[in-house]
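Analysis of the macromolecular model
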Amino acid sequence: MKTTIEQLEGCTLVTLDGELNTAASAEVNTILAPLMENGRGNVVIECKDLTYIASSGLRILLSILKSVKTNGGKLTLRNVNDNVKKIFSLTGFVKIFDFE
């Protein structure tokens, strides 16, 4: 799993590449911890190359969403493929997140 964070004008771009499974969640959690602690502004999570997400990955995204919303920002999931979106649908998370 490869995770990158870029600060762009007006938003933070997070790119997820690979499988966000239970094994990868600890590392991703560490990388994204600053967004969970003080997510300010808008956050876009690029999911074009995200091939799978486990419940532990969903919890990470939910934590980021809560932090961003608390600080007046918006979190958007971009380019989510059908397989990953199905997981969001099955868990009801499709109603919680904004997709682009």
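For the structure, check the block above.
In this report, we go over the structure that sits alongside the text. (Residues numbered from 1 in each chain as written. Predicted model: local features only at pLDDT ≥ 70, side-chain atom pairs only at ≥ 80, totals over all residues. Heavy atoms only, no water.)

Digging into the nonpolar core
Of all hydrophobic cores here, the largest spans 26 residues; its most connected members are Ile45, Ile53, Leu77 and Phe88. For this core, the secondary-structure elements that each account for two or more residues are strand E2 (11–20), helix H1 (22–38), strand E3 (42–53), helix H2 (55–70), strand E4 (75–78) and helix H3 (82–91). For this core, the element with the highest residue contribution is H2, accounting for six residues. (Core = buried A, V, L, I, M, F, W, Y, C linked by side-chain atoms within 4.5 Å. Buried < 20%, exposed > 50% of the residue type's maximum accessible area, 1.4 Å probe, protein only. Helix = DSSP H or I, 4+ residues; strand = E, 2+ residues; numbered from the N terminus.)

Here's the deal with H1
If you check H1, its first and last C-alpha atoms are 24 Å apart, about what 17 residues at 1.5 Å a residue would give, namely 24 Å. Largest kink in H1: about 55°, centred on Leu32, with the proline Pro34 one to four residues after it. Those residues of H1 not exposed but buried are Ala24, Ser25, Val28, Leu32, Leu35 and Met36. Regarding H1, its N-cap is Asn21, as a side-chain oxygen of that residue lies 3.2 Å from the backbone nitrogen of Ala23 further along. (Expected span 1.5 Å × (residues − 1). Bend = angle between axes of the 7 residues up to and from the residue. Polar contact = N/O pair within 3.5 Å; in protein donor to acceptor, adjacent residues only side chain to side chain.)

Focus: the environment of Gly73
Structurally, Gly73 is set in the loop between H2 and E4. Residue classification places Gly73 among the buried positions, given a relative accessible area of 15%. Sequence spacing of Gly73 and Cys11 is 62 residues, and the spatial spacing of their C-alpha atoms is 9.2 Å. Excluding its chain neighbours within four sequence positions, the residues that come into contact with Gly73 are Gly41, Asn42 and Val68. (Contact = heavy atoms within 4.5 Å.)

Things to note about the packing of aromatic side chains
Taken as a whole, this structure holds three aromatic pairs when the rule is applied. Summarising the aromatic geometry, the rings of Phe88 and Phe97 are spaced 5.7 Å apart at their centres and angled 85° between planes, so their arrangement reads as edge-to-face. Each of the two residues, Phe88 as well as Phe97, counts as buried. Ring centres of Phe88 and Phe99 lie 5.5 Å apart, and the angle between their planes is 90°; this geometry places the pair in the edge-to-face category. One end of the pair, Phe88, is in helix H3; the other, Phe99, is in strand E5 (residues 98–99), with 11 residues separating them in the sequence. Here the aromatic cluster, defined as three or more aromatic residues joined through ring pairs, consists of Phe88, Phe93, Phe97 and Phe99. Positioned above the aromatic ring of Phe99 is the side chain of Lys85, whose terminal nitrogen or guanidinium carbon lies 4.4 Å from the ring centre. (Phe/Tyr/Trp six-rings, centres within 6.5 Å; stacked < 30°, edge-to-face > 60°. Lys NZ or Arg CZ within 6 Å of the ring centre and 35° of its normal.)

Read these as spatial facts, not as claims about activity.
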